Amino acid sequence: MKNTISIEATRFKALREELRHTQQSFADLLDIGATTADIERGKTKITGKIVMELMGQFNINPLWLYGKSFEKYIDISRGDISPKVVTVDTSGNDSILLVNQKAAAGYPNNIHDLGWYQSLPAFNIPLPEYRNASYRGFQVEGDSMLPNIKPNEWVLGRAVPSINEAADSKIYIVVLRDSVLVKKLQKIPNNPQSIRLISINDEYLPIDVKVKDIQELWMVNSKLSFGVDEPSESNLLRQLQQSMDELKGQISSLK
């Protein structure tokens, strides 16, 4: 039975030929240690290190390599923040990886390592909101996003390919070079090289970061919560006060 060659292997070979390299010279250039023959035959998977070399040396877009984008090259001047590795299930559909707090600590350093991603749990959501895009789940650490997002809850984010496509006041998962943060994003007028990250909890001050220090950006569109808390007494009192104020307003309008 003939093996089906993956799209990344096909595009890898086409790229080598376009650059006019032999299998040996391309392997030497990428520091693979052997020829690229097994990769092109589909016998050996493309590692995170190879993806990183293709990005660093030729500005190759990882999403293009894996057939998830028509954009072959990354335009660094636009601030590319697209996923460095895309994972799919056995049917070829995007799978949603779950990155818990412990894994998030190592995420920035393993962002190009395909083998590391394979150690993470993954699942699919058969809803239209999760089609035609790449999603990833991260477990929130700390209370900086209270009351909207509680510690240990999970947020699901859609991949954002460029900082230009990021919108103000939306919540994002921001993968920096040394950490993963969940914050509201705000662009800084007259300073396109930086963005401001804002916590919902007023006890935390805003943080300004350089766009060049952002490795990936995921726009949060949903969250996973486990256990439903009963409204606290203070919340009930607040709701009662709000209802009374609304009632007073309606009575006043009738006078």
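**Student:** For helix α1 (residues 7–18), give the residues involved together with the corresponding values.
**Tutor:** For α1, spanning twelve residues, the distance from its first C-alpha to its last is 16 Å, which sits close to the expected 16 Å at 1.5 Å a residue. Buried residues of α1: A9, F12, L15 and R16, and no others. Projection of α1 onto a plane perpendicular to its axis shows the buried side chains occupying an angular sector of 125 degrees, all on one side. Directly beyond the C-terminal end of α1, a positive phi value near 60 degrees is found at R20.

**Student:** Describe in detail the nonpolar core, supporting the description with residues and values.
**Tutor:** One finds F12, I46, L54, Y107, V155 and V182 to be the most contacted residues of the largest nonpolar core, which totals 39 residues. With five residues, the single largest contributor to this core is helix α4 (residues 48–58). Setting aside residues no more than four positions away along its own chain, V182 makes contact with V140, S144, M145, I149, V155, I171, Y172 and I173. Membership of the second largest hydrophobic core comes to 15 residues, among which are I81, I163, L185 and L197.

**Student:** Which residues make up the pairing of strand β1 (residues 96–99), and what values go with them?
**Tutor:** Of the two faces of β1, the one lined by I96 and L98 and the one lined by L97 and V99 are each fully buried. Bridge analysis of β1 against strand β3 (residues 135–139) gives three bridges, and the strand direction is parallel. Paired with L98 across the two strands is G137, which belongs to β3.

The rules we used
- Residues numbered from 1 in each chain as written.
- Predicted model: local features only at pLDDT ≥ 70, side-chain atom pairs only at ≥ 80, totals over all residues.
- Heavy atoms only, no water.
- Helix = DSSP H or I, 4+ residues; strand = E, 2+ residues; numbered from the N terminus.
- Expected span 1.5 Å × (residues − 1).
- Buried < 20%, exposed > 50% of the residue type's maximum accessible area, 1.4 Å probe, protein only.
- Arc of directions from axis to C-beta.
- Core = buried A, V, L, I, M, F, W, Y, C linked by side-chain atoms within 4.5 Å.
- Contact = heavy atoms within 4.5 Å.
- Pairing = 2+ DSSP bridges.

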